[in-house]
Amino acid sequence: MAGTGPNLEENLDDREVHELEEILHTKIYPGTEIMRDVGSHHFVKAERRVLIPQPSDDPRDPLNWSPFWKGATIFSATAISFSLNFGPLALAPMFEEYTKEWDRSLADVVQFTGVAILCLGFSNFIWVPIMVCFGRRPVAIFSTLICVCSSIWRARATSYDSFMGASVLNGIAAGPCETLMPQVIADIIFLHERGFYQTLYFSMYFISLMIGPIISGPMAEHTGWRSFWWFNTALLLFTLLVNVFLFPETRYNRVLSPHSEKLTTGAHTNAQNASTVSASRLQEAESGMHPQTTHVDPALGKGKPSKLQFAPFQKYAGNFLRELWLPLYLHAYPIVEFAAFVVSWSASGYLQVNLSQTQAFAAPPYNFTSQTIGFFSFSLFIGGLIGLFTCGPLSDWVAAKLTERNGGVREPEMRLVAMVPYMLIMILGSIVTAVGYDYHWPWQAIVIIGYGSLGMQVSALPSIASTYAIDSYKPVTGSMFVMITINKNVWGYGMSKFLTNWAEADGFIPPILVNMALTTVFCLCGILFWYYGKHLRGITAKSFVHRL
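Just so it is clear, the model here is predicted, and its values are computed rather than measured.

Chemist: Explain the overall build of the protein to me, and be specific about the residues and the numbers.
Modeler: Within the protein, the regular secondary structure consists of 19 helices and four strands. Counting only contacts in the protein whose residues sit at least 6 apart along the sequence, the fraction spanning at least 24 positions is 81%. Accessible surface, the protein: about 20,100 Å² in total, of which carbon and sulfur atoms supply 66%.

Listed below in structure tokens is the structure:
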């Protein structure tokens, strides 16, 4: 990508950035984006909106792809997030079947889920370096192929240890379901649309976890638990075909043409097609600047991938060894750490429901069957859909309004305001679920209000927090999600170890409300980042991660 200054997505060098800072009276750090024309800097636009990142003129540039190819690519990436994640956490309604099949305790069979979660997180230490150095497409195809093999193994397993081995392989192969789509979104989606697509990713990721038990419960009861894994195999084979034919490579070395002249002094005029600021403010901002015609990208919305972008893998680029240790290095970045903890504990709110359903509802006074327990996940699913259709548009709208108030300069922190309603919904869902379990409330209250609220928050809070981190450190999106995923899955594995026994000893209120309290604390840290996030980005502005 062209440019040596801190704002590489807008093709600005250090001198231009410095002069823009003087005109706009604000510091421009990585993540700070100028959403309007200023003086001689006229950016590529769509519907009067400045596009970030700035696309090249190449029709092969993923930012320029037609709606069909962008849609096909997003569909393929979404299919990976959904199908690779569908099986590992679909076991909850089948736990009782597994305890009978292999004469094991509930705590033993819960480990099928815990081990898969743990392997899934750490496998991204390998998948993401491959993704960065050889491309997204080979990771999509080969990870899905290995998942097909593990699903067949699960269906044919004849012992507890054999099924555990299949769970380990499934976890290792399914890693890209958590890291591929965020990278694809960063590759092909413009900044003003990322909120929706990041919410789509988290929604489909968690919806797959919600739909899995809905299907596995009835199948286990009526046709046997093995039939579910054959169904899962068919789903993975469909995804494999989609990846082969509809998922082109999105890694692209974007070299921009110099659209703008150097800033000089002279007569002042209004920039053409300026957006989000009034004419009077624009005149003030552009005083002493030469105008220039807005650059028009002839390929915008008309491009398509080349045959080379459908190759099994791309030419080696980057540094594989660096990609191995980069996720650990990112632990030193407070914004990334904030995103990791919000994602981890928000996700654990859903995981608690997944792991506790059978324990709470198969016992007296409910005595529900595995099919009925599986159907309760419909509430999580509906909550997830509500989160999908409200969170992305809300966070994008909030950011756009605050950008307008800020004179057309967007800061990543502007998204954080949208976390507030979903944090309150998370608190409501946790309290209703925990108290309802222990005091045997009517199942309708627990499932509709408790599960629905937890499904809604798990689509929203991780999306907002992770989008904030991506906007701040876009070049290391893949490595950042390795760290986020490991953080989330290590905690998830720990929860699978202690939740069942803790709930048996002390009830559900202590573990669920402790998790709720921790989630609330991490969300409230957003207040600190609202005030000091830009300063923290300034401290890391010269870091090598912005040049990758």
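Chemist: Requested: an account of a nonpolar patch on the surface, with residues and values cited.
Modeler: Together, Val417, Leu524, Ile527, Leu528, Trp530, Tyr531 and Tyr532 make up a nonpolar patch on the protein surface, roughly 750 Å² of accessible area in all. With five residues, helix 19 (residues 526-539) is the largest single contributor of residues to the nonpolar patch. Within the element layout of this structure, Ile527 appears in helix 19. By relative accessible area, Ile527 is classed as partly exposed at 49%.

Chemist: Can you tell me about the packing of helix 4 (residues 106-134) against helix 5 (residues 136-156), naming the residues and giving the values?
Modeler: Packed helices, taken two at a time, are described by the angle between their axes plus the distance between the axes. The interhelical angle for the contact between helix 4 and helix 5, taken along N-to-C directions, is 150 degrees, at an axis separation of 9 Å. Between helix 4 and helix 5, the interaxial angle falls into the category roughly antiparallel. Seen from above, helix 4 lies across helix 5 with right-handed handedness. On helix 5, the residues touching Ala116, Trp127, Ile130, Met131, Val132 and Phe134 of helix 4 are Arg136, Pro138, Val139, Phe142, Ser143, Ile146 and Arg154. Partitioned by chemical class, the residues of the contact of helix 4 with helix 5 number ten nonpolar, one polar and two charged.

Chemist: Help me get a handle on the pattern of salt bridges, residues and values and all.
Modeler: Going through the model one piece at a time under the given rule, you end up with twelve salt bridges. Taking the shortest distance from any N to any O, the salt bridge between Arg136 and Asp187 comes out at 2.9 Å. Placement of the pair is Arg136 in helix 5 and Asp187 in helix 7 (residues 176-188), with a sequence separation of 51 residues. Close ionic contact of Glu411 with Lys534 constitutes a salt bridge, the shortest N to O distance being 2.7 Å. Residue Glu411 is located in the loop between strand 4 (409-410) and helix 15 (419-438), and its partner Lys534 is located in helix 19; the two are separated by 123 residues in the primary sequence. As far as the burial class goes, Glu411 and Lys534 line up, both buried.

Chemist: I'd love a proper account of the packing of aromatic side chains, names of residues and values included.
Modeler: One pass over the full model with this rule turns up 51 aromatic pairs. Seen in terms of ring centroids, Phe228 and Trp229 are 5.0 Å apart; in terms of plane orientation they differ by 75 degrees. Their pairing is edge-to-face. The exposure classification of Phe228 matches that of Trp229, with both residues buried. Both rings, one in Phe341 and one in Trp345, keep their centres 5.3 Å apart while their planes meet at 10 degrees; by these two values the pair is stacked.

Chemist: An account of the side chain of Ser379 is needed here, citing residue identities and associated values.
Modeler: With respect to the helices and strands, the residue Ser379 is situated in helix 14 (residues 377-405). The exposure class of Ser379 is buried, given its relative accessible area of 13%. Excluding residues that lie within four positions of it along the chain, Ser379 makes contacts with Val447, Ile448, Tyr451 and Gly452.

Reading the values: rules and limits
Residues numbered from 1 in each chain as written. Predicted model: local features only at pLDDT ≥ 70, side-chain atom pairs only at ≥ 80, totals over all residues. Heavy atoms only, no water. Helix = DSSP H or I, 4+ residues; strand = E, 2+ residues; numbered from the N terminus. Contact = heavy atoms within 4.5 Å. Areas by Shrake-Rupley, 256 points an atom, 1.4 Å probe, with all protein chains shown as cover. Patch = residues over 30% accessible without salt bridge, like charges linked within 9 Å, V, L, I, M, F, W, Y side chains within 5 Å. Salt bridge = Lys/Arg side-chain N within 4 Å of Asp/Glu carboxyl O. Buried < 20%, exposed > 50% of the residue type's maximum accessible area, 1.4 Å probe, protein only. Axes fitted to C-alpha atoms, helices over the stretch in contact; angles between N-to-C directions. Parallel < 35°, antiparallel > 145°, perpendicular 65-115°, else oblique. Left-handed = near helix turned anticlockwise from the far one by under 90°. Nonpolar A, V, L, I, M, F, W, Y, C, P; charged D, E, K, R; others polar. Phe/Tyr/Trp six-rings, centres within 6.5 Å; stacked < 30°, edge-to-face > 60°.

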